[in-house]
Amino acid sequence: MLKVLESKYEDFSKFVEGNKVKIDRRIWDEMPYLYAEYLCELNKERFINTLNKLERHIYTGNAEEIGAEIYKVLIKTNISNALYRNGRLTQNFRPEYKLDIGEKFLEVFRNINKPIEELTGEEKNHIFEEVKTIVKQKFANALEEEIIETSIDGIELTCGFCNHRKAIKFVEERNFTPLFASLETMGNFFWDRIPICKECVISLFFSCISFVSSGAQKQIFIYIPQNLEETYRINRTMELRGDMRSPFYSLTNKLVEDEIQKAEWVLESIYFVELETKSKSNDVRIYSFHIPDRVAQAIRTEIKNYPEELESIFSEFMFYINTGKSLYDFLLYLLLGFFKKESYENLKDDTVDSRIVNAGMKISKLERLLFFINFQEVLNMNEQRGYIKQAFNEGKKLREYYITSEDNQENLEALKKLEGLTYKLLEAIRRKDKEYFIQNLIRAYLRVEKEIPCLFKEALYDENFNMIAYAFLIGLNCEVRSRGGQANDEGEEGNSEPA
C-alpha cells in the first residue's frame, strides 16, 4: 500500500505513524483506483508493445477477447492466479467487465482510424490513457465485490488480522492463496474460520506487489519487526536492484552493509518470507524464517566471500543454513553437478536440491567452493579451520605428483587416474566412509611414491572428516572444468559413480 501511495504522492512517510499506516478516509476510498493506476503505469510499455497482437481481434470485433488480453497485460501481469485463486481480480474477473474494456479500446481505435503500424507515439499514449480509465473503474468494481458484507452467523466479531475493526466475513482462500498453503493453516482457516474486516481484505490484495522475484518461480519479502519505514525501504531497495541475478543475494549484502552503518539494526530480528509457485499449476507454498544468532554472526563475517557465480542459488543456501541442514550436503550436490554434468543435463529445476545440482554444472573455478566448507565450520564453531587450506594444498600437490610422476609421462593417462580417484573419494565422502576414503588415499600416495601427510590423521575424527575430505577433493580438482564423463582407476573394478 505504501508503494502505491508513494507512486501517487511521492513521499510515503507522511502515511506512517510509528509502526502503523494512517490513511485519510478520502484517500482510502480512492485506493482501488490508485492501485489500478499503479499497475497500469507499471505495464504501460508492455501494453503498447501488445497492440500489434490485438490487431487480429480488431477486425473480428471480438471486444471481450480484446478486453481479456488488455486486462491480462495491465493487471494480471502482477496479480497472478496463483496468489489469488478464483478471485474476482483474477480467474473470476467478470466477462462483462472484459467486454466493457474491449469496447472502449475499439471505440478509441476506430476514432483514430489508422492501422496499428501507422500509429504515432502520441496516439498510442492516447489509447493507453483512455483504456486505463476504464480498466481502473472495472478493477475497482471487482475489488469492491471482494468486500461485500456477508453473514457471519449473526455474531459481531472482531477482525482476526488487525484485532481492531469489525469483521464483515470469514477469510476466503481467494483473498490470498498462500495463507492456505499448509495443512496446519488450512485447518485453522477452514475450521476456526478467521473473521476479517473489509480494510484487511483490501490490504491482502496489495500484498502480491510487495514480493520481489528471486528467480526459479520464487518471491521474497523482508520484515523488520517494529520498523515499518525500514521494512518498506529494504524491500524497495531490493526491487530497484531488479537487474541483479539474485535479489536475495544482493539483499543480504545490503543488510550487512546497513547493519554496519546503523547500530540499531540487528540481523537476528529480520524475518524472510518466501513464496514458491509450482510449475504449471496454481499451487503456492509459503515459507518464513528468521536468522538465528549463530547464523547472523557467520553472515556478518563470511557472506562477503560468497561465490558470485552461485548467486542464482543464494536463497537455497539461506534455506539450508536457516533450517539447520548441513552445507556439506549442499556441497555434495554442487560437486555432483560439476563432475557428472552429462548424467544430470535433463534435470528439472523443481526442487531445492536439483537447482543446486544444476548450478554445480556451471562452476568455473572449483576453489570457490571452499567458502561453503569454511561457512559450515564457522557455524560449527570449529577452531581447526586452518585444516581447510592445508587439505586443499595437499590435494593440489597430489595432483602435481600424478602429472609429473615418471610412471605417468602421458598427461592424459595421469588425468584419467585422477578422475578415477576423484569418483572413489567422492563416493567415500557421500557414504561418510572414512575407511574407504583412507584406503584410496594410501593407494594414491603409494602410486606416486610419496608419504601420506600427517594431516589425514585428523580426518579420522568425525568432526573433521567432511572439512578435510571435501577441501582435499577440491584441491585435487582445482584445475578441472565441469565434465560429464567418468573414469575408473587402472586396475580397479566396478562403477564408482556416486548414487
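Whatever comes next refers back to the structure up there.
Remember, predicted model here, so these are calculated numbers, not experimental data.

Caption draft 1: Here's a closer look at the overall build of the chain. Counting its secondary structure elements, the chain contains 20 helices and 8 strands. Of the contacts formed within the chain by residues at least 6 apart in sequence, a portion of 69% connects residues at least 24 apart. Put simply, the chain shows about 24,300 Å² of open surface, and 46% of that area lies on carbon and sulfur atoms.

Caption draft 2: Examining the nonpolar core more closely. Counting residues in each nonpolar core, the largest one holds 81 residues, and the members touching the most others are I299, Y306, F317, L334, L369, I373 and F437. Residues A36, L39, I70 and Y71 belong to the second largest nonpolar core, which totals 73 residues.

Caption draft 3: Main features of the environment of S250. Note that S250 resides in helix α10 (residues 247-261). S250 sits 64 residues away from F314 along the chain, and the two C-alpha atoms are 9.4 Å apart.

Caption draft 4: Spotlight on the pairing of strand β7 (residues 271-277). Within β7, 6 of the 7 residues are buried, which leaves it mostly tucked inside the rest of the structure. As defined by bridge partners, β7 adjoins strand β8 (residues 284-290) across 7 bridges and the pair is classed as antiparallel. In the sheet register, Y271 faces β8, and the bridge partner there is H290.

Caption draft 5: Fine view of the environment of F392. Following the sequence through the fold, F392 ends up in helix α16 (residues 386-404). Along the primary structure F392 and A469 are separated by 77 residues, whereas in three dimensions their C-alpha atoms are 9.0 Å apart. If we ignore the near neighbours within four places in the chain, the residues touching F392 are E367, L370, A471, F472, I474, G475 and C478.

Caption draft 6: Quick look at the packing of aromatic side chains. As enumerated under the stated definition, the model contains 31 aromatic pairs in all. Three or more aromatic residues link up through ring pairs in this structure, and these residues are Y306, F314, F317, F319, Y320, F330, F371, F372 and F375. The ring of Y320 carries the charged tip of K325 above its face, separated from the ring centre by 4.4 Å.

Caption draft 7: Molecular detail of helix α12 (residues 314-322). Burial analysis of α12 places 8 of its 9 residues in the buried class, which makes it a mostly covered element. Turning to α12, its buried residues are F314, S315, E316, F317, M318, Y320, I321 and N322. Downstream of α12 by one or two residues, G324 has phi in the positive range, about 80 degrees.

Caption draft 8: Region of the structure containing the pattern of salt bridges. Going through the model one piece at a time under the given rule, you end up with 28 salt bridges. Put simply, E427 and R430 hold a salt bridge, and the shortest N to O gap is 3.0 Å. Of the two residues, E427 and R430 both sit in helix α17 (residues 411-431), 3 residues apart, roughly one turn of that helix. Residue R430 is classed as partly exposed on the basis of its relative accessible area of 28%.

Caption draft 9: Broad picture of helix α18 (residues 434-447). Between its first and last C-alpha atoms α18 spans 20 Å; for 14 residues at 1.5 Å apiece the expected length is 20 Å, and the two agree. Taken as a whole, α18 has its buried residues at F437, N440, L441, A444 and Y445. Burial along α18 is one-sided: seen end-on, the buried residues are contained in an arc of 130 degrees. Of the exposed residues in α18, the ones pointing more than 90 degrees away from its buried face are E435 and L446. Between the side-chain oxygen of the N-cap and the backbone nitrogen of E435 there are 3.3 Å, and the N-cap of α18 in question is D433. Phi turns positive one or two residues past the end of α18, at E449, with a value near 60 degrees.

Analysis parameters
- Residues numbered from 1 in each chain as written.
- Predicted model: local features only at pLDDT ≥ 70, side-chain atom pairs only at ≥ 80, totals over all residues.
- Heavy atoms only, no water.
- Helix = DSSP H or I, 4+ residues; strand = E, 2+ residues; numbered from the N terminus.
- Contact = heavy atoms within 4.5 Å.
- Areas by Shrake-Rupley, 256 points an atom, 1.4 Å probe, with all protein chains shown as cover.
- Core = buried A, V, L, I, M, F, W, Y, C linked by side-chain atoms within 4.5 Å.
- Buried < 20%, exposed > 50% of the residue type's maximum accessible area, 1.4 Å probe, protein only.
- Pairing = 2+ DSSP bridges.
- Phe/Tyr/Trp six-rings, centres within 6.5 Å; stacked < 30°, edge-to-face > 60°.
- Lys NZ or Arg CZ within 6 Å of the ring centre and 35° of its normal.
- Salt bridge = Lys/Arg side-chain N within 4 Å of Asp/Glu carboxyl O.
- Expected span 1.5 Å × (residues − 1).
- Arc of directions from axis to C-beta.
- Polar contact = N/O pair within 3.5 Å; in protein donor to acceptor, adjacent residues only side chain to side chain.

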